[in-house]
Amino acid sequence: MPPHIHISVDRLRRRRSTPPSKKPVGDGKACKACGAHFRAEELERNWGVCTTCDHHFPVSSSERITQLADGDEWRELWSELAATDPLRFTDLVPYTERVEQAEAKGVREALVVGELSVQGVPSLAAVMDFGFLGGSMGSVVGEKFARAADRCVETGRPLSVITASGGARMQEGVIALMQMAKTVVAIDDLREAAIPVVVVLAHPTTGGVWASFASMGDFTYAEPGALIAFSGPRVIEQTTREKLPPEFGLAESQLENGQVDAVVDRRELPGRIGSVLNILDRPRADIDDGAGRIARQGRERASRAAQALPKLSRRLRGRLGTGSDGGAE
Amino acid sequence: MSRLTRRLTGRSEEAEPQDRDEVWEAIQLARHQDRPYPLDYIDRLMTDFEEIHGDRLFSDDPALVCGIGRYHGRPVAVIGHQKGRDTNERTYRNFGMPGPEGYRKGMRLMELAEKFDLDLVTLIDTPGAYPGAGAEERGQGGAIARSMQTMLRLRPPTVAVVIGEGSSGGALALGVADRVVMLENTTYSVISPEGGSAILWRDAGKARDAAAAFKPTASNCYRWGVADAVVPEPAEGAHADADEAARLLDAYLERTLRELRRVDVGQRLARRKERFRRIGTFREGPHEGQVPLADPPADSASETSNGQPPAS
């Protein structure tokens, strides 16, 4: 048995002996779980994990990518996609302002996707950023995820996903809800093309993200202490008047519930993801069949769509180089 | 392309401006306690109906009614959120809020539909999936996700009908169909107005503001490409005349299932995927233009029921 599995089993058996202290500590540069003080660069060197108690702090998508990718091999894709405001939505603050404020912090959207290499396996990664509107899934997140899946199918490369999200982006209303279905379409394309998908659930993974692609990986890892739930504890307590135990929905409980495959320390994640990707890595020839079939279906879908348009279709049809038959399979 | 879409369909992506009271009224109508529920439609539209019970893993979930029956002579499968009309029944039905058992029972029925090549009709009417500790422990999120995937892959024709309120993933779990239609006085939303106001306004009492912001009416959902058609209701609303509401739905449903049957199965599956793959609105690059929302399916020129324009 590889040694890393042994380590993780130890870690996931570990229980916090005392609940995290609620009282604010010092200047904020203390671990909120154990109260130990630390220097910022020390924490960053330790990948945002408390050096005293192993509490996992939130980390940005760019830190995640630095941790996950081999060397400097990271090429971000479709970073230019940006949110619009289809509902002209205003709650306490207009949606457009919320987006501008979030963008001003330097993060582009709640999902960053790109090409990289993980433990020697060329692959794609889709990493959520809780710092951008609570990692909420709107049209941009859905589209980027779908494009990343398309690219995986085209190239035969596996996909690593790291989630941290409050769920669907309410400011985009029912269009945000539909992104759940859109990511499920993408996951299903990956299934048909036999593309490995490893999902890491970071704190928190809730709502529509947990109820769509986040729960559909071939392997599902969770970071220690991450809240993983469809309905968060506050909503449940308000609706049902149930009193929830403090460990409700946490990664360790969800492991016991059979909802995740392992709870993995952040510092071991690249090794664990890489291990799965390496086991499932196959020579190109093997996957060509599945990928080729999906690519073919995609082309057929496009040509059918073209034929459905009354006027433009002839020009498009010419460009797509298909005949004038019905396009039926 | 966006302009082209609009020309072809008469749709624009902008929501129709509606005032606060109008949206709130729509929500009250969608929730009216006398509205027909799935079993009322089944009674009126189907001869013979046999219900299945239980997910074979944990329990039965009365919030979802799942069964098979005969519709215009053909066997079909039906799944619907059943809310319950009086206090006792509502408690029994859990107000139409399914747990993972419900969705797994639904997937059992979908597999049955696949095996016997039965058309699948889903009737959506829920405030959302049940938020409870037990539901979470037994995998509420995964059950919703897998229900969507199972529906997406189903080979027979599928039609999802929003017959009341369609809120959150609890509704969408039954909504990944070839055609998604809404009755005239129904809503489809990312979250209930109460839930949205508690989260965004931090005040559960701002439900009216939340409703006005979400604009979840059938006419707006049609504009956004979320609904393919709006089925008219009796003049007074479905709650006033269940027989007439069922007749109007029947006219749409029967024709649509027949149309879908005529499409080759591979094409039907590809179009279903494409339908959901396309939904979204965003900017790309320096251009401010929006990518079109879902184009209508190829045969949707005659999509609205009885040739009437969608209600607005």
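Scroll up for the structure.
In this text the structure is predicted, and so the values were computed from the model without any measurement.

Calculation notes
Residues numbered from 1 in each chain as written. Chains lettered and ligands numbered in written order. Predicted model: local features only at pLDDT ≥ 70, side-chain atom pairs only at ≥ 80, totals over all residues. Heavy atoms only, no water. Helix = DSSP H or I, 4+ residues; strand = E, 2+ residues; numbered from the N terminus. Buried < 20%, exposed > 50% of the residue type's maximum accessible area, 1.4 Å probe, protein only. Contact = heavy atoms within 4.5 Å. Areas by Shrake-Rupley, 256 points an atom, 1.4 Å probe, with all protein chains shown as cover. Buried area = accessible area lost by both parts, 1.4 Å probe. Salt bridge = Lys/Arg side-chain N within 4 Å of Asp/Glu carboxyl O. Polar contact = N/O pair within 3.5 Å; in protein donor to acceptor, adjacent residues only side chain to side chain. Nonpolar A, V, L, I, M, F, W, Y, C, P; charged D, E, K, R; others polar. Core = buried A, V, L, I, M, F, W, Y, C linked by side-chain atoms within 4.5 Å. Phe/Tyr/Trp six-rings, centres within 6.5 Å; stacked < 30°, edge-to-face > 60°. Lys NZ or Arg CZ within 6 Å of the ring centre and 35° of its normal. Disulfide = S-S within 2.5 Å.

Chemist: An account of the overall build of chain A is requested, with residue identities and associated values reported.
Modeler: Within chain A one finds 12 helices and 9 strands. Relative to its 329 residues, chain A shows a buried fraction of 55%. In chain A, the share of contacts with a sequence separation of at least 24, taken over all contacts with a separation of at least 6, comes to 68%. Just so you have it, chain A exposes about 14,700 Å², and 51% of that area is on carbon and sulfur atoms.

Chemist: An account of the interface of chain B and chain A is needed here, citing residue identities and associated values.
Modeler: Frequently, the measure chosen for interface size is the accessible area that the parts lose on association. Counting residues at the interface gives 62 residues for chain B, matched by 66 residues for chain A. Across the interface of chain B and chain A, roughly 5,600 Å² is buried in total on both sides, 63% from carbon and sulfur atoms. Between the two partners, chain B and chain A, sit 8 salt bridges. Between R277 of chain B and E143 of chain A there is a salt bridge, and its shortest N-O distance comes to 3.2 Å. At the boundary of chain B with chain A, the tally comes to 22 residue pairs in polar contact (both at pLDDT 80 or more). Per-element tally for the side of chain B that touches chain A: the top contributor is helix α7 (residues 140–153) of chain B, with 10 residues. Looking at the side of chain B that touches chain A residue by residue, the classes come out as 30 nonpolar, 16 polar and 16 charged.

Chemist: Give a detailed account of helix α10 (residues 207–214) of chain B, specifying residues and quantitative values.
Modeler: With 6 of 8 residues buried, α10 of chain B is to be regarded as a mostly interior element. On its buried side, α10 of chain B packs onto α6 (173–192) of chain A together with α2 (20–30), β7 (187–189) and α9 (193–200) of chain B. K215 of chain B, located one to two residues past α10 of chain B, shows a positive phi value of around 45 degrees.

Chemist: Describe the nonpolar core, listing the residues and the values that go with them.
Modeler: Counting residues in hydrophobic clusters, the biggest one holds 107 residues, and the most contacted among them are F145 and M178 of chain A together with I144, L172 and Y188 of chain B. By residue number, the principal contributor to this core is α6 of chain A, which donates 12 residues. If near-sequence neighbours (up to four positions away) are discounted, I144 of chain B is found in contact with M180, A211 and F230 of chain A together with Y103, A129, G169, G170 and A173 of chain B.

Chemist: Could you give an account of the side chain of T158 of chain B, naming the residues involved and the relevant values?
Modeler: Residue and element names in this part refer to chain B. Relative to the helices and strands, T158 resides in strand β5 (residues 158–167). Given a relative accessible area of 0%, T158 falls into the buried group. Setting aside anything within four residues of it in sequence, one finds T158 in contact with L120, V176, A177, D178, R179, L260 and R272.

Chemist: Please set out the packing of aromatic side chains residue by residue, giving values where relevant.
Modeler: Counted under the stated rule, the structure contains 5 aromatic pairs over all chains. Measuring from centroid to centroid gives 5.5 Å for F38 of chain A and F57 of chain A, while their planes differ by 70 degrees, and the two rings are edge-to-face. Highlighted residues: F38 of chain A in the loop between α1 (3–13) and α2 (40–45) and F57 of chain A in the loop between α2 and α3 (61–68), separated in sequence by 19 residues. By relative accessible area, F38 of chain A is classed as buried at 14%. The lysine or arginine in question, R275 of chain B, covers the ring of F276 of chain B, its NZ or CZ lying 4.7 Å from the ring centre.

Chemist: Tell me about the state of the cysteines, residues and numbers included.
Modeler: A complete count under the given rule lists 0 disulfides over all chains for this structure. Left without a disulfide partner, C31 of chain A is nearest to the cysteine sulfur of C53 of chain A, which lies 3.7 Å away.

Chemist: Describe unusual backbone geometry, and please don't skip the residues or the numbers.
Modeler: Here the bond from H203 of chain A into P204 of chain A is cis, since omega is -15 degrees, no more than 30 degrees from zero. When you line up the elements, P204 of chain A lands in strand β6 (residues 197–206). Positive phi is not limited to glycine here, since W47 of chain A has a value of about 60 degrees. Residue position: W47 of chain A is located in the loop between α2 and α3. Accessibility expressed as a relative area gives 25% for W47 of chain A, which makes it partly exposed. Unusually for a residue other than glycine, R202 of chain B sits at a positive phi of about 55 degrees. Take R202 of chain B: it is sitting in the loop between α9 and α10. On the accessibility criterion, R202 of chain B (71% relative accessible area) is exposed.

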